[in-house]
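The lines below spell out each chain.
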Amino acid sequence: MNQTIDLLTSHRSERSYLDLPIADEVLDSIIAAAHLAPTSVNSQQVSLVVTRDPVQRARIAEIAGGQAWIAQAPVFITVVLDMHKTRLGIAMGGQQQTAHQSIESLISGSTDVGIALGALMTAARSHGLGIVPIGGIRRDPQALIELLQLPELTFPVAGLVIGHVDRGAQQKPRLPIGSFRHEERYQRETLPDAIKAYNRTLSDYWQQTGRADGDDWSRNTASYYQHIYFPNVLPAIQQQGFKLDK
């Protein structure tokens, strides 16, 4: 394997960071990787909000449900779906944006956010830094919207912690590759055995890492997916001017 594949396949979500700054030129190069990432129809409907102020990071950690590593690491980047920017550009050309009135706009924009987030993670790790992506900012999106002063037709989809690692995490095992890679058609008949095997694997992993409270994959996923665990997302999206009726 080459160095890029080695980097991508060695991912770890780090949650322990040193109190060391990230050099400006390093952060600039990480952001450039996301800036130049592809977007649907060259819409460039993604923006980043970089937070280095410790008071602001502490507040974001609180909004995300008390995730201490957000406050601990020197940089937090919020990746924003930004159709405010596209609406402005379209209006400057004498036309009117209507795409934000459809669910397609959220799917397309969130896809572009995911591409940018992946670029940020890879670029940060190429510099030897640790990262952990954060979906918990959607726990109270309105609070984050107000904190970051996000305008109408924007939405904070995900965030990223970046910093120098203190205590490195172990790589968490994944479901068998056969549950992820499907040849020619979706191979649903293979899933039960794959999930059973992974439940055992993940339980063993938690024991090896000293996590007596760690559940297998089925129970852990159920702890989130048995209910709508971020119920404030829909009202915040609607408050931001997005329509979901088309």
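Starting from 1, residues in each chain are numbered consecutively following that chain's sequence as written. Only residues with pLDDT of at least 70 are given local features in this predicted model, and only at 80 or more are side-chain atom pairs given and counted; all residues enter the totals for whole chains, interfaces and linings. Side-chain descriptors were evaluated using all non-hydrogen atoms of the structure, hydrogens and water having been removed beforehand.

1. Side note on the nonpolar core
1) Next: Think of a nonpolar core as a cluster: buried Ala, Val, Leu, Ile, Met, Phe, Trp, Tyr and Cys residues, connected wherever their side-chain atoms sit within 4.5 Å. The buried label applies to any residue whose accessible area, calculated with a 1.4 Å probe on protein chains only, is under 20% of its type's maximum; exposed applies above 50%, and partly exposed to all values in between. Counting 52 residues, the largest nonpolar core has Ile-30, Ile-70, Ile-134, Phe-155, Val-161, Ile-162 and Phe-242 as the members making the most contacts within it.
2) Next: Those elements giving two or more residues to this core turn out to be α2 (24–35), α3 (54–63), β2 (75–82), α6 (103–126), β3 (130–134), α7 (141–148), β4 (154–163) and α10 (233–239).
3) Next: Those residues within four positions of Ile-162 in sequence are excluded, and the remaining contacts are Tyr-17, Ile-22, Ile-30, Ala-73, Pro-74, Val-75, Ile-77, Ala-124, Leu-129, Gly-130 and Ile-131. Numbering of helices and strands starts at the N terminus; helices are DSSP runs of H or I of at least 4 residues and strands are runs of E of at least 2. The contact criterion used is simple: two residues touch if any of their non-hydrogen atoms lie within 4.5 Å.

2. What to know about the environment of Tyr-198
1) Next: Considering the arrangement of structural elements, one finds Tyr-198 in helix α8 (residues 191–208).
2) Next: A residue is classified by how much of its surface remains accessible, and Tyr-198, at 6% relative accessible area, is buried.
3) Next: Along the primary structure Tyr-198 and Ser-218 are separated by 20 residues, whereas in three dimensions their C-alpha atoms are 9.2 Å apart.
4) Next: If near-sequence neighbours (up to four positions away) are discounted, Tyr-198 is found in contact with Pro-173, Arg-174, Leu-175, Pro-176 and Trp-217.

3. A look at the packing of aromatic side chains
Within a pair of aromatic rings, the relevant descriptors are the distance that separates the centres and the angle that separates the planes.
1) Next: Aromatic pairing here means that ring centres of Phe, Tyr or Trp (its six-membered ring) are within 6.5 Å. Orientation follows from the plane angle: under 30 degrees is stacked, over 60 is edge-to-face, and everything else is tilted. Inspection of every chain in the model, using the stated rule, returns five aromatic pairs.
2) Next: When the ring of Tyr-224 is compared with that of Tyr-229, the centres are 5.4 Å apart and the planes differ by 65 degrees; the resulting orientation is edge-to-face.
3) Next: Residue class for Tyr-224 comes out partly exposed when judged on its relative accessible area of 41%.
4) Next: Between the aromatic rings of Tyr-229 and Phe-230, the centroid separation amounts to 4.7 Å while the plane-to-plane angle is 55 degrees, which identifies the pairing as tilted.
5) Next: On the basis of relative accessibility, which here comes to 32%, the residue Tyr-229 falls in the partly exposed class.
6) Next: An aromatic cluster is built from Tyr-224, Tyr-225, Tyr-229 and Phe-230, whose rings are joined through pairwise contacts.
7) Next: Any Lys NZ or Arg CZ found within 6 Å of a ring centre and within 35 degrees of that ring's normal is scored as a charge over the ring. Over the ring of Trp-69 we find Arg-15; its NZ or CZ atom is 5.5 Å from the centre of that ring.
8) Next: The ring of Trp-206 has Arg-211 sitting right over it, with the charged end atom 4.5 Å from the ring centre.

4. A short note on the pairing of β3
1) Next: Taking burial as the measure, the five residues of β3 include four buried ones, the bulk of the element.
2) Next: As paired strands, β3 and β4 are joined by five bridges and run antiparallel to one another. Its bridge partner lying in β4, Pro-133 is registered against Leu-160. For two strands to be treated as a pair, DSSP must find no fewer than two bridges joining them.

5. Details of the UniProt feature "domain: Nitroreductase" (unreviewed entry) in the chain
1) Next: UniProt positions are given in the numbering used here, feature names are shortened, and annotations may be inferred rather than shown by experiment. Under the present numbering, the feature "domain: Nitroreductase" (unreviewed entry) in UniProt falls on residues 9–164.
2) Next: In the segment residues 9–164, helix accounts for 44% and strand for 19%; the C-alpha atoms at its two ends are 20 Å apart.

6. Description of the sheet that holds β3
Strand pairing in a sheet takes place through backbone hydrogen bonds and is either antiparallel or parallel in direction.
1) Next: A sheet is described by the order of its strands in space; here four strands give the open sequence β1-β2-β4-β3, paired in antiparallel fashion. Of all the strands in the sheet, just β1 (46–51) and β3 have a single pairing partner and so form its edges. For this sheet the average axis-to-axis angle between neighbouring strands, irrespective of direction, equals 25 degrees.
2) Next: In this fold α2 packs onto β1, β2 and β4, with an angle of close to 160 degrees to the strand it touches most, β1.
3) Next: Contacts from helix α5 (residues 83–92) reach β1, β2 and β4 within the one sheet, and its direction differs from that of β2 by about 45 degrees. Whenever a helix is involved, its axis is fitted only over the stretch in contact; in every case the axis is a line through C-alpha atoms, and angles between N-to-C directions fall within 0 to 180 degrees.

7. Some details on the pattern of salt bridges
Side-chain pairing between opposite charges can occur once the charged atoms of the two side chains come close.
1) Next: Just to be clear on terms, a salt bridge is a Lys or Arg side-chain nitrogen sitting within 4 Å of an Asp or Glu carboxyl oxygen. Under the definition given, this model contains nine salt bridges.
2) Next: Across the salt bridge formed by Arg-181 and Glu-183, the nearest N and O atoms sit 2.7 Å from each other.
3) Next: The class for Glu-183 is partly exposed, based on a relative accessible area of 42%.
4) Next: Where Asp-215 meets Arg-219, a salt bridge forms, and the shortest distance between an N and an O atom there is 3.7 Å.
5) Next: Residue Asp-215 is classed as partly exposed on the basis of its relative accessible area, which comes to 34%.
6) Next: Three or more residues are tied together by salt bridges with common partners; here these are Asp-215, Asp-216 and Arg-219.

8. Structural notes on α3
1) Next: Listed as buried for α3 are Arg-57, Ile-60, Ala-61 and Ile-63. The arc enclosing the buried residues of α3, seen along the axis, measures out at 160 degrees, which places them on a common side.
2) Next: Buried-residue contacts for α3 involve β1, α4 (68–72), β2 and α7.
3) Next: Polar contacts, as counted here, are pairs of nitrogen or oxygen atoms within 3.5 Å of one another; within protein the pair requires one atom able to donate a hydrogen and one able to accept it, and residues that are adjacent in sequence qualify only if both atoms are side-chain atoms. N-capping of α3 is provided by Asp-53, with a side-chain oxygen placed 3.1 Å from the backbone N of Val-55.
4) Next: Count one or two residues on from α3 and you reach Gly-65, which has phi positive near 95 degrees. In this description, the arc belongs to the directions extending from the helix axis to the C-beta atoms.

9. Comments concerning the domain arrangement of the chain
Interfaces are often sized by the amount of accessible area the parts lose when they come together.
1) Next: Structurally, the chain comprises domain 1 (3–169 + 228–240) and domain 2 (172–214).
2) Next: Domain extents, as shown, originate in an automatic or database domain assignment. A straight line from the C-alpha centre of domain 1 to that of domain 2 covers 28 Å.

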